[in-house]
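Notes for the structure review
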Amino acid sequence: MTKRQRKRSAKPLPASRLRSICTAKSLGFRTTREVEPIQTLIGQDRALGALWFGSSIDQPGYNMFALGPQGSGRHTAIASYLSEKAAEAEAPEDWVYIHNFSSGHRPQAMKLPAGMAVPFRDAMAELVDDLRNAIPTQFQSDEYREKRRAIDADFEETQERAFEDLRKKAEAQNVGILRTPMGFALAPMQNGHVIKPEVFNALPEVERKDMESKISALQSDLAAILERFPILEKRRREQIYNLNAELTGMIVDASIKSVADQFAGVDAIQKRLTDVRADLVQNVELFLQPTEGDGNRPDTQNLAARTHEPQFNRYLINVMIANDGDGDSKGAPLVVEDHPTLANVVGRIEHMSQFGALVTDFTMIRPGSLHRANGGYLIIDARKLLTEMFAWEALKRALRSKKITIVSAAEHLSITSTISLEPEPIPLKVKVVLIGERMLYYLLSTLDPDFGDLFKVEVDFSEELIRSEENTALYARLIATIAQNEGLRPLNAAAVARLVDEAARLSEDAERLSLRVGRLADVMREANFWTGTANRRQITAADVDRAVEEQVQRAARIRDRSQEVIERGIVLIDTQDAAVGQINGLSVISLGGFSFGRPSRITVRVRMGSGKVIDIERETKLGGPLHSKGVLILSSFLAANYALDVPMSLWASIVFEQSYGGVDGDSASSAELYALLSALADVPLKQSLAVTGSVNQNGQVQAIGGVNQKIEGFFDICLSRGLTGDQGVLIPSANVAHLMLRPDVVKAAAKGRFHIYPVDTIAEGIELLTGMPAGQRGKDGRFPANSINALVEDQLRRFANVRKQFGENGDKTENFAGKT
């Protein structure tokens with residue numbers, strides 16, 4: 001035994017150690033109206049420092065992952081900090097998509113100075129509206145019509161002159177030119193009339209051959225004239241095109257000049273205007289096409305609507321990124337993407353149905369959150385991102401390539417062959433902040449080889465704060481800030497003190513305060529509600545108590561059902577008397593956000609065997625690995641402490657009685673060891689006591705989780721049956737600092753009706769449970785007579801001796817019915 005194991009039996013804890021209480025007087029104010037609000041999260045210096053570093057370093061891959069539990073204020077803190085950071089930065093460039101005149105299915109990305117995109121878009125829309133009115137009007141002017149008629153008249157006159165000359169020549173030779181449905185035909189004539197075929201055939205052969213020769217020559221002349229017609233038509237079209245171009249150029253130049261002057265010095269816009277002018281001149285007929293219902297005249301009363309007609313889209317501007325476009329917002333963008341689908345992250349290309357087909361153009365390209373956050377900050381919930389198809393890979397691809405490429409899910413899956421657009425990628429410069437749980441961060445770090453290269457900054461939010469006077473004052477300011485931001489009634493000092501105590505209970509540590517402000521805010525909102533129902537102006541401690549009680553009541557149906565089956569004797573739990581090899585273990589059941597303690601009967605049976613301790617839970621595949629580890633430690637403890645000079649000849653079985661689900665964790669290993677020692681020593685254990693705590697190979701009792709819920713679970717069973725003053729719970733001494741028990745448990749302990757015993761070693765615990773000394777090995781190497789350890793060792797020696805005798809006689813050990 002070690003020195004620590006030789007200490008006296010443990011004494012029950014005084015009531016003052018069972019719950020650390022914050023007093024209203026210690027806070028130094030009467031209500032939260034007197035408290036100055038706090039502008040930042042408390043206790044998150046590490047996270048805020050990492051956030052500053054990640055947002056300040058201008059190097060690739062230094063994106064951030066904010067990890068921590070739900071309700072720790074990660075979203076609020078990050079959004080608040082980055083909004084201030086973004087406001088101090090310069091607004092990044094604007095980006096727009098424009099029609100590619102040389103390759104229409106590949107829209108071009110165009111960079112503009114910050115604040116230029118929206119005015120340029122409006123100016124181009126106005127330009128198209130102006131031209132939609134001005135061009136048809138000028139083309140209907142008398143001057144244009146006269147010039148157009150002159151070109152047409154010259155073309156017709158040239159045609160008629162050629163036909164007239166040929167006609168006269170043919171008439172002189174008694175040949176007529178006839179127009180037929182099949183074209184032109186030549187026929188012999190006599191006295192101004194076409195000769196009928198039978199008359200022509202009756203002519204002398206000499207005359208017929210002479211006429212056929214004349215007709216053949218004239219046909220050659222006619223063919224020559226007809227061959228000239230396409231050349232004449234082409235010249236006519238060229239003349240009309242030049243006329244239209246000249247007129248269009250004058251109209252367009254006047255309109256474009258005003259736009260060019262508005263954006264003087266912006267080279268990208270000047271170049272675009274030059275390209276637009278050239279295309280307008282070349283495609284002026286787009287503005288001359290009549291619209292349904294308007295005849296041949298332009299509709300000057302609905303020009304804005306005509307701007308959106310598809311044929312005019314090629315001259316419009318599709319704004320993807322606009323910074324400070326309205327002159328009000330300043331700085332870099334900050335975008336929070338709540339629904340990070342593939343389309344919402346990288347953008348999408350929309351289509352519309354037209355005559356049974358899906359059509360699109362560059363004006364139907366829609367920006368994603370990467371576009372809107374370009375040059376600034378993008379906040380995304382990591383779990384939501386990972387659950388959306390292709391979104392995570394698209395984000396990584398954009399960050400690696402430093403450009404935004406719009407790709408649809410249909411293209412990824414190759415489920416459509418629809419002709420679509422291939423927009424030019426837009427350069428990307430953004431800081432991405434993913435927010436998720438710690439487990440998610442560690443899984444990504446382990447399983448995704450790209451994650452570490454793209455998210456190099458770990459922003460780790462703490463779950464708790466050391467409970468000191470200074471930090472308690474800060475926590476009071478945090479409570480006041482939440483009340484102010486949520487529009488709640490002011491809290492008096494007692495209510496704040498009660499919330500501080502509740503924060504310690506939420507952290508499961510009397511020396512810490514929970515930083516999961518979301519749950520704290522929920523309690524405050526509900527307390528505010530109950531204050532309203534009582535028509536009070538201030539939230540009191542009673543309101544906080546009721547809010548907590550109502551939360552428990554809403555979630556406690558399963559807990560109450562579990563206690564009910566114990567009270568009715570359906571599930572067997574003893575809270576008085578004593579039994580050999582039987583003990584009350586404690587476990588915690590968590591359902592949603594509610595946890596409660598539940599006692600379980602653990603029994604042990606022993607006999608002579610081959611030194612094996614059977615874990616029935618493990619054998620039936622109901623025990624988890626941690627529970628199995630705890631059972632194996634029991635074997636090691638026995639082998640190292642008892643009957644060292646003989647082989648371990650024990651067979652023991654351990655089981656959680658009436659357990660029909662999985663069992664895991666090692667917090668019951670000390671209880672299992674107590675029951676095992678009881679069975680070996682044949683000494684009963686007090687059933688008025690329950691036990692929790694893990695044990696190591698040296699017999700030291702180690703800390704466990706959920707100590708408050710476990711104690712309260714056993715207390716509720718004892719309370720329902722009647723407190724006797726002998727009941728209590730054995731806990732590891734290391735868990736004393738975690739005690740934040742309910743007030744009713746503390747009150748019962750103060751009256752001596754329920755006890756909490758801290759123990760450091762198995763020796764201390766077995767003495768409490770049996771009322772007998774554990775016994776320390778003396779100089780002679782033996783334990784004191786009638787001590788627990790002596791009885792255990794004697795039993796193990798008997799098993800070994802009997803096993804040896806059977807071995808000498810050649811009999812099988814398995815046929816021996818040992819002591820139970």
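First, a word on what this report is: a plain description of the structure on this page. (Residues numbered from 1 in each chain as written. Predicted model: local features only at pLDDT ≥ 70, side-chain atom pairs only at ≥ 80, totals over all residues. Heavy atoms only, no water.)

Grouped together as the largest cluster of nonpolar side chains are 48 residues, with contacts concentrated most on Ile-583, Tyr-674, Leu-676, Leu-680 and Leu-730. Listing elements by their share of this core, those giving two or more residues are strand 22 (594-608), helix 22 (625-641), strand 24 (650-656), helix 23 (669-681), strand 26 (689-691), strand 30 (755-759), helix 26 (762-770) and helix 27 (788-809). It is helix 23 that provides the largest number of residues to this core, a total of nine residues. Residue contacts for Leu-676: discarding those within four places in its chain leaves Val-604, Val-606, Leu-634, Leu-638 and Ala-652. Judged by nonpolar contacts, the second largest core, of 39 residues, contains Ala-504, Val-517, Val-523 and Ile-539. (Core = buried A, V, L, I, M, F, W, Y, C linked by side-chain atoms within 4.5 Å. Buried < 20%, exposed > 50% of the residue type's maximum accessible area, 1.4 Å probe, protein only. Helix = DSSP H or I, 4+ residues; strand = E, 2+ residues; numbered from the N terminus. Contact = heavy atoms within 4.5 Å.)

Counting buried positions along strand 29 (residues 728-732) yields five of five residues, so the element is predominantly enclosed. Covered by surrounding structure in strand 29 are Gly-728, Leu-730 and Pro-732 together with Val-729 and Ile-731, the residues of both alternating faces. Here strand 26 pairs with strand 29 via three bridges, running parallel. Of the residues in strand 29, the one forming a bridge with Val-691 is Leu-730. Examined bridge by bridge, strand 29 and strand 30 share five bridges and lie parallel to one another. Bridge pairing links Ile-731 to Pro-758 in strand 30. (Pairing = 2+ DSSP bridges.)

This next bit is on the environment of Ser-408. By the element assignment, Ser-408 lies in the loop between strand 14 (403-404) and helix 13 (409-413). Judged by relative accessible area, which is 32%, Ser-408 ranks as partly exposed. Taking the C-alpha atoms as reference, Ser-408 lies 9.3 Å from Phe-390; in sequence the two are 18 residues apart.

Another aspect to go through is empty space enclosed by the protein. A complete count under the given rule lists three cavities of 30 Å³ or more for this structure. Computed from the structure, the second largest cavity encloses a volume of approximately 40 Å³. Surrounding the second largest cavity, Val-571, Leu-572, Ile-573, Arg-598, Pro-599, Ser-600, Arg-601, Glu-657 and Gln-658 form its lining. Grouping the constituent residues of the lining of the second largest cavity by class yields four nonpolar, two polar and three charged. (1 Å grid on protein atoms, 1.4 Å probe; cavity = no way out; pocket = protein on both sides within 12 Å on 5 of 7 lines; lining within 4 Å. Points joined across faces, edges and corners; volume = space filled by probe spheres on them. Nonpolar A, V, L, I, M, F, W, Y, C, P; charged D, E, K, R; others polar.)

As a further point, take the sheet that holds strand 3 (residues 108-112). An order of 3-2-7 is seen for the three strands of this open sheet, with the pairing classed as antiparallel. Two strands close off the open sheet at either side, each with one partner strand: strand 3 and strand 7 (318-321). Taken over all neighbouring pairs, the strand axes of this sheet differ in orientation by 35° on average, direction set aside. Bridge count between strand 2 (residues 94-98) and strand 7: three bridges; the pairing is antiparallel. Considered in strand 7, the bridge of Trp-95 is made with Ile-321. Seen against the sheet, helix 7 (residues 267-282) touches strand 2 and strand 3 and runs at an angle of roughly 140° to strand 3. (Axes fitted to C-alpha atoms, helices over the stretch in contact; angles between N-to-C directions.)

Turning next to the layout of surface pockets. Approximately 1,200 Å³ is the volume found for the largest pocket. Forming the boundary of the largest pocket are 39 residues, of which Glu-502, Arg-505, Val-548, Val-552 and Phe-594 lie nearest the centre. At the level of elements, helix 17 (493-506), helix 18 (517-533), helix 19 (541-555), helix 20 (557-567), strand 22, helix 24 (707-721) and helix 25 (743-750) are the ones that each hand at least two residues to the lining of the largest pocket. When residues in the lining of the largest pocket are grouped by element, the largest group, seven residues, is from helix 19. A per-class count over the lining of the largest pocket returns eleven nonpolar, eleven polar and 17 charged. Empty space within the second largest pocket amounts to approximately 780 Å³. Lining the second largest pocket are 31 residues, with Asp-58, Leu-428, Lys-429, Val-430 and Lys-431 sitting closest to its centre. Elements with a minimum of two residues in the lining of the second largest pocket: helix 1 (45-56) and helix 12 (391-401).

With that settled, the discussion passes to the sheet that holds strand 17 (residues 457-460). For sheets, the rule is that strands pair by backbone hydrogen bonds, running either parallel or antiparallel. Taken together, the five strands give an open sheet; going across it, the order is 8-13-16-1-17, and neighbouring strands pair in parallel fashion. Since the sheet does not close on itself, it has two edges, and those belong to strand 8 (334-337) and strand 17, each with one partner. For this sheet, the mean inter-axis angle between neighbouring strands, taken without regard to orientation, is 20°. Note: strand 13 (residues 377-381) against strand 16 (residues 431-436), five bridges, orientation parallel. Opposite Ile-379, over in strand 16, you have Val-433 as the bridge partner. Running over the sheet, helix 14 (residues 438-447) touches strand 1 (64-67), strand 16 and strand 17 and is turned about 140° from strand 1.

Turning to the packing of helix 1 against helix 2 (residues 74-88), a few remarks are in order. A pair of packed helices can be characterised by two numbers: the angle between their axes and the separation between those axes. One can describe the packing of helix 1 onto helix 2 by two numbers: an axis separation of 11 Å at closest approach and a directional angle of 40°. When the axis of helix 1 is compared with that of helix 2, the two are oblique. The way helix 1 lies across helix 2 gives a crossing that is right-handed. Contact residues: helix 1 offers Leu-51, Trp-52, Ser-55 and Ser-56, while helix 2 offers Ala-77, Ile-78, Tyr-81, Leu-82 and Lys-85. The residue makeup of the contact of helix 1 with helix 2, split by class, is six nonpolar, two polar and one charged. (Parallel < 35°, antiparallel > 145°, perpendicular 65-115°, else oblique. Left-handed = near helix turned anticlockwise from the far one by under 90°.)

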